[in-house]
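Structural overview for review
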Amino acid sequence: MTLSSLFDALLLDLDGTVWAGELALPGSVESIVASQLPALYITNNASRGPADVAAKLRAAGLDASPEDVVTSAQAAVSLVSQNLNAGDPILVVGAPSFKDLVREAGFRVVESADEKPVAVLQGHNPETGWAQLSEAALAIANGARYVVSNLDTTLPSERGLLVGNGSMVAAVTSATGVVPTSAGKPEPAMFLQAAQRAGAKRPLAVGDRLDTDIAGAVAAGIPALHVLTGVSGPLALLEAPREFRPTFIADGMAALGHEPQSLRPHAQGGFSARVDGHDIILSRGNPGATSTEALRTVLEVAWLMEEPPALVRPNSDAAEEATAQWW
C-alpha cells in the first residue's frame, strides 16, 4: 500500500512543493505522474494567471490545464465581488494577470488613488515598488476596502527565500494602520473549491508551509502531507499548534509512493523519545536512520505536550547526528 492509494486526488501547493522558482524540485514531477491521481494545483502566488501556471506545469512534464489551477488572485476577486457592483473602480497592486481577472469579473481597473477606487487588491508581483504601494496606501486612507491574495511573508526560490506578498502588504499596513482581508490560504475555500473541481471524496493536500498550506487543509478537514522542501522545517513542526499539524511528514513528493504509516509521527528508525521536564530526550537510533525518522519520533511526543519542548536533547550518536540536520 502506498500513500497515494488512500486518496482519489491531490491538492498540491506549488512554490516549495512542486518547484522552487523556475526549477522543479527533485522527484516532484515523477512522483505526481506515478501516483496516477488527478492533480489540482492551489497556489498563493498571484504573479501568474491560471493559463500561465498550467503552461509552466506542462513544460515541467505534467498534464495540466487552466481549470486544474486555483490561485489566490482568483479567490481575492471572488471575495471582493460579493460586495461590489459591475463597473466599480478597483486599484490592483499586482501582476497583469491579476488585473485581467478583475476586468473579466466586470470591474474597472484603475492605477491611481485619485480615481477613487472602492477597493484595493494586492497580490505578488516582482515589479511592485514604492509608487504602487503608495497609491494603495492613499486609496485605503480614503476608504477603499483592502483585500489581498495572501499573506505569505516569503517566497521559495532556487536561490532561497525571497520577499513574499505578505511582506509587501506589511508596508501598506504600517502606513495606513489597516489590516487587510486575505483571500488565499490558510482560508479553506481554495481547498474546497479544488476538491469540488476534481470531484474528489478523499483528497490529499500537499504543501511546504504550515501556516498556509497545512493550516488551510486542516481548516477544510482534508488530510495533509507536509514536505520539507520549502519554508517550514523541523523546528516549525515542533512548535506547531494543533491547527498547523499535518497528517504525514516527508522529505519530498516521493513520499506519495511510500507506505502511509511510516510517514505519520511515531517512533521509527530505532529512535525513542521521552519527556524530561520541559525537554524531550531522543535516544538510540539504528545505523543509517534519517533525520526525518528522528523528527517523526520526537513529534509523536511533542504534540502530546501542553507547550512545545524547550529543547530536544540527543542521547546517542545517531540522535546527535540526526538532530544536527534540523538546524
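Located above this text is the structure these notes cover.
Residues numbered from 1 in each chain as written. Predicted model: local features only at pLDDT ≥ 70, side-chain atom pairs only at ≥ 80, totals over all residues. Heavy atoms only, no water.

1. Description of the pairing of strand β6 (residues 89-93)
- For β6, a buried count of five out of five residues is recorded, marking the element as mostly surrounded by other parts of the structure.
- Side-chain alternation along β6 places Pro89, Leu91 and Val93 on one buried face and Ile90 and Val92 on a second face that is also buried.
- One ladder, built from three bridges, connects β6 with strand β7 (residues 108-110); its direction is parallel. Looking at β7, one finds that Pro89 is bridged to Arg108.
- Where the polypeptide runs from β6 across helix α4 (residues 96-104) and back to β7, its parallel neighbour, the crossover connection is right-handed.
- Pairing of β6 with strand β8 (residues 119-122), which is carried by four bridges, proceeds in the parallel orientation. Each bridged residue has a counterpart across the sheet, and for Leu91 the counterpart in β8 is Val120. (Buried < 20%, exposed > 50% of the residue type's maximum accessible area, 1.4 Å probe, protein only. Helix = DSSP H or I, 4+ residues; strand = E, 2+ residues; numbered from the N terminus. Pairing = 2+ DSSP bridges. Right-handed = clockwise from strand over helix to strand, strands pointing away.)

2. Some points on the packing of aromatic side chains
- Applying the stated criterion across every chain, the model contains one aromatic pair.
- Here Phe7 and Phe248 contribute two aromatic rings whose centre-to-centre distance is 6.4 Å and whose plane-to-plane angle is 85 degrees, an arrangement assigned as edge-to-face. Here Phe7, found in the segment before β1 (9-12), pairs with Phe248, found in strand β15 (residues 248-250); they are 241 residues apart in sequence, far enough to count as distant. Comparing Phe7 with Phe248, the two get one shared label, buried.
- Across from the ring centre of Trp19, 3.9 Å away, lies the NZ or CZ of Lys56, which sits over that ring. (Phe/Tyr/Trp six-rings, centres within 6.5 Å; stacked < 30°, edge-to-face > 60°. Lys NZ or Arg CZ within 6 Å of the ring centre and 35° of its normal.)

3. A word on the layout of surface pockets
- If you add up the space inside the largest pocket, you get close to 290 Å³.
- Lining of the largest pocket is provided by 18 residues; of these, Asn45, His124, Pro126, Leu155 and Leu162 occupy positions nearest its centre.
- For the lining of the largest pocket, the secondary structure elements donating two or more residues are β10 (154-157) and β11 (160-163).
- Here the element with the most residues in the lining of the largest pocket is β10; it accounts for three residues.
- Of the residues in the lining of the largest pocket, the class split is six nonpolar, seven polar and five charged.
- Estimates place the volume of the second largest pocket at around 210 Å³.
- Around the second largest pocket, the lining is made up of 13 residues, and of these Leu235, Leu238, Leu311, Val312 and Trp327 lie nearest the centre.
- Among the secondary structure elements, those contributing two or more residues to the lining of the second largest pocket are α9 (234-238), β18 (312-314) and α11 (317-324).
- In the lining of the second largest pocket, the residues fall into eleven nonpolar, one polar and one charged. (1 Å grid on protein atoms, 1.4 Å probe; cavity = no way out; pocket = protein on both sides within 12 Å on 5 of 7 lines; lining within 4 Å. Points joined across faces, edges and corners; volume = space filled by probe spheres on them. Nonpolar A, V, L, I, M, F, W, Y, C, P; charged D, E, K, R; others polar.)

4. Observations concerning the sheet that holds strand β17 (residues 279-284)
- Reading across from one edge, β16-β17-β18 is the order of the three strands in this open sheet, with mixed pairing throughout. Sheet topology places β16 (271-276) and β18 at the edges, where each strand pairs with a single neighbour. The average undirected angle you get between the axes of adjacent strands in this sheet is 25 degrees.
- Taken together, the three bridges between β17 and β18 define a ladder with parallel strand orientation. Its bridge partner lying in β18, Ile280 is registered against Val312.
- Of the strands in this sheet, β16, β17 and β18 touch helix α10 (residues 291-302), which is tilted by about 35 degrees from β16. (Axes fitted to C-alpha atoms, helices over the stretch in contact; angles between N-to-C directions. Contact = heavy atoms within 4.5 Å.)

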